[in-house]
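Notes for the structure review
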Amino acid sequence: MIVQTTRFATLEIDDARILEFPNGLLGFSSYRRFALLQPDDQSVFFWLQSLEAPDLAFVVTDPGLWVPDYAAQIRPEQSADLGLADPSDAQVLVIVNRRDEVLTANLQGPLLVNVRTCRGLQIVMAERRWNVRHELMKVGAAAPRLRATA
Amino acid sequence: MLVLSRQLDQTIMIGDDVELTVVDIRGDKVRIGIKAPPHVAVHRKEVYDAIRNENREAAGFRGELPGARPSGRPSGPTPPVTPLGKGRPARRPPEGDRGLRDTA
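Described in the following lines is the structure provided in the data block. Just so we're clear, the structure is a prediction, and the values are computed from it rather than from any experiment. (Residues numbered from 1 in each chain as written. Chains lettered and ligands numbered in written order. Predicted model: local features only at pLDDT ≥ 70, side-chain atom pairs only at ≥ 80, totals over all residues.)

**Looking at the overall build of chain B**
The helix and strand inventory of chain B stands at 1 helix and 4 strands. Ordering the α and β elements of chain B from the N terminus gives β-β-β-α-β. Relative to its full complement of 104 residues, chain B shows a buried share of 13%. (Helix = DSSP H or I, 4+ residues; strand = E, 2+ residues; numbered from the N terminus. Buried ≥ 20, exposed ≤ 12 C-beta atoms within 10 Å, placed from the backbone.)

**Quick word on the sheet that holds strand 2 (residues 18–26) of chain B**
Residue and element names in this part refer to chain B. Spatial ordering of the open sheet is given by 1-2-3, a layout of 3 strands whose pairing is antiparallel. Whereas interior strands pair on both sides, the edge strands pair on one side only; in this sheet they are strand 1 (11–14) and strand 3 (29–35). Strand-to-strand twist across the sheet, computed as the mean angle between neighbouring axes with direction ignored, equals 25 degrees. The sheet contact formed by strand 1 and strand 2 spans 4 bridges and is antiparallel. Looking across to strand 2, one finds that Ile12 is bridged to Leu20. (Pairing = 2+ DSSP bridges. Axes fitted to C-alpha atoms, helices over the stretch in contact; angles between N-to-C directions.)

**Some points on the pairing of strand 6 (residues 57–61) of chain A**
Residue and element names in this part refer to chain A. Taken across its 5 residues, strand 6 has 5 buried, putting it largely inside the fold. Burial along strand 6 is two-sided: Ala57, Val59 and Thr61 facing one way and Phe58 and Val60 facing the other are all buried. Of the strand pairs in this sheet, strand 5 (residues 45–50) and strand 6 are connected by 5 bridges, and their pairing is antiparallel. Looking across to strand 6, one finds that Gln49 is bridged to Ala57. If you look at the hairpin formed by strand 5 and strand 6, you'll find 6 residues sitting between the two strands. Here 3 bridges tie strand 6 to strand 8 (residues 90–99), and the two strands are oriented antiparallel to one another. Within strand 8, the residue paired with Thr61 across the bridge is Val94.

Distances and angles like these do not, on their own, reveal function.
Here it is, written out as structure tokens:
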């Protein structure tokens, strides 16, 4: 499908690669369909672009790259919601925020995506060990490069 | 807001299948036991609010992102869900632990 976005102009996205969050994200329950955009092969940051709101996009990353012992806990009914037959079919992503020159990740509200069905869910971690502003790194210079069909 | 007075060990029913029980009272701290069916999500409100607020802030992400793998970081697995571009297969996650475990 062709998607209009504020940040990346017009994108052409394969329908089979669209992620569906049936409950939306916390605070954004009415936006349910997203595309995960990879700036380039080496990028550890991705954009989760809403297909319904051109200006709504989140930066996400794989927490395993930053916090090796990070573990998202999923309840059985959440597995059922996602249609997860095997926990290894889930990809964990966390939303990245920027405060001044520091990038932080929300480890307390990770996103789980069933890579087989492309269904996703944001979960709330009860564990106090993880917080919503885990520092990842200071911001460097290079900009993301996106392949867009302008 | 409906306000009810309850004593220790007394319960409030919400609907047919949610029960809140006062299990302990000590000074200004009250412990509440919650019985709810699995599809009812139960969270401390401040945690829920913190995540929601963080989502809202992150939605306004502006500025540049480091494009490449940050130096000094161990190279981990490439995240497998990469729906950009045509004809690129969705990669399967690498074998092994992906940071997920069942709490059951």
